[in-house]
Amino acid sequence: GGCTFGSGHEGIKEDPIQPKQKIKVAIKTVNNPRDESQVYALMCEIKVLEKLEKHPNLVNMIGACTAGCNTGRLWLLLEHCPCGDMKNFLHKNRDVFMQDHQTQHKVLNMRLLLNWGYGIAKGMDYLSSKKIMHGDLAARNILISNLDCENYSAKITDFGLSKAFYDKTS
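Cut-offs and rules
- Position labels on residues start from 1 in each chain and follow its written sequence.
- Under the rules for a predicted model, residues below a pLDDT of 70 receive no local features and side-chain atom pairs below 80 are neither given nor counted, while totals for whole chains, interfaces and linings still include all residues.
- Side-chain metrics in this entry use all non-hydrogen atoms of the structure; hydrogen atoms and water are not considered.
- Going along the chain from the N terminus, every DSSP run of H or I of four or more residues is numbered as a helix, and every run of E of two or more is numbered as a strand.
- Only protein chains enter the calculation, and the probe is 1.4 Å; a residue is then buried if its accessible area is under 20% of its type maximum, exposed if over 50%, and partly exposed in between.
- Any pair of N or O atoms that falls within 3.5 Å is considered a polar contact. Within protein, one atom must be able to donate a hydrogen and the other to accept it, and sequence-neighbouring residues count only if both atoms are side-chain atoms.
- Here, expected helix span is obtained from the residue count minus one, scaled by 1.5 Å.
- To be clear, the arc concerns the directions from the helix axis to the C-beta atoms.
- Note on contacts: a residue pair is in contact if any heavy atoms of the two residues lie within 4.5 Å.
- Working definition of a nonpolar core: buried Ala, Val, Leu, Ile, Met, Phe, Trp, Tyr and Cys residues. They are joined through side-chain atoms within 4.5 Å.

Draft legend 1. Representation of the side chain of His-134. Here His-134 shows up in the loop between α4 (110-129) and β5 (142-146). Taking the relative accessible area as the measure of exposure, His-134 reaches 2% and is therefore buried. A polar side-chain atom of His-134 sits 3.0 Å from the main-chain amide nitrogen of Asp-136. At 3.0 Å, the side chain of His-134 and the backbone oxygen of Asp-158 are in polar contact.

Next comes the structure, spelled out in structure tokens:
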């Protein structure tokens, strides 16, 4: 999700916090390892994510492998957000959100949208405190995660365009 230049895959990894637990991760790689701009963008995204602590409103990095960066073989492991990006999520659930107030859905309602807005603002505020500008905030770059069917949270992803700002800050 939210991969403008790379391709996303899913994988299973041992949870770094609870070693016996397996967690689902999203794996981001470069579509064309010979395309220097793709490799550079993913490398910059990894560098940006390395500067950040875990935050509930960011798609956090689980790990990365940059050993093959000379050959363009980069791997970025991210939190898995099972509900996809906000743009598609809203589109898919449009009818539920548009219902009149009498039959308002238990979870997918105006309050959820306000929560998301607040969460995204908190995520952006955190990035700003770390001197990082996202550079491409859009519904397609917000992933929706859910702990269960009643707790949907919005998480900012895709830091590939933070590179211009990152270069100036480091």
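Draft legend 2. Up close: α4. For α4, which comprises 20 residues, the first-to-last C-alpha distance of 29 Å matches the rise-based estimate of 28 Å (1.5 Å per residue) to within 8%. Buried within α4 are the following residues: Leu-112, Trp-116, Gly-119, Ile-120, Gly-123, Tyr-126 and Leu-127. One side of α4 holds all its buried residues, which, seen down the axis, span an arc of 120°. In α4, the exposed positions angled more than 90 degrees off the buried face are occupied by Met-110, Arg-111, Leu-114, Tyr-118, Asp-125 and Ser-129. Looking at the buried residues of α4, the elements they touch are α2 (86-92), α3 (94-98), β5 and β6 (152-156). Where α4 starts, the residue carrying a side-chain oxygen 3.1 Å from the main-chain nitrogen of Arg-111 turns out to be Asn-109.

Draft legend 3. Representation of the nonpolar core. Residues Leu-52, Phe-89, Trp-116, Ile-144 and Tyr-152 are the most contacted members of the largest nonpolar core, which totals 34 residues. Contributions of two or more residues to this core are made by α1 (36-50), β4 (73-79), α2, α4, β5 and β6. A total of 6 residues in this core trace back to one element, the largest contributor, which is α1. Apart from the residues within four sequence positions on either side, Trp-116 is in contact with Met-86, Phe-89, Leu-90, Ile-144, Tyr-152, Ser-153 and Ala-154.

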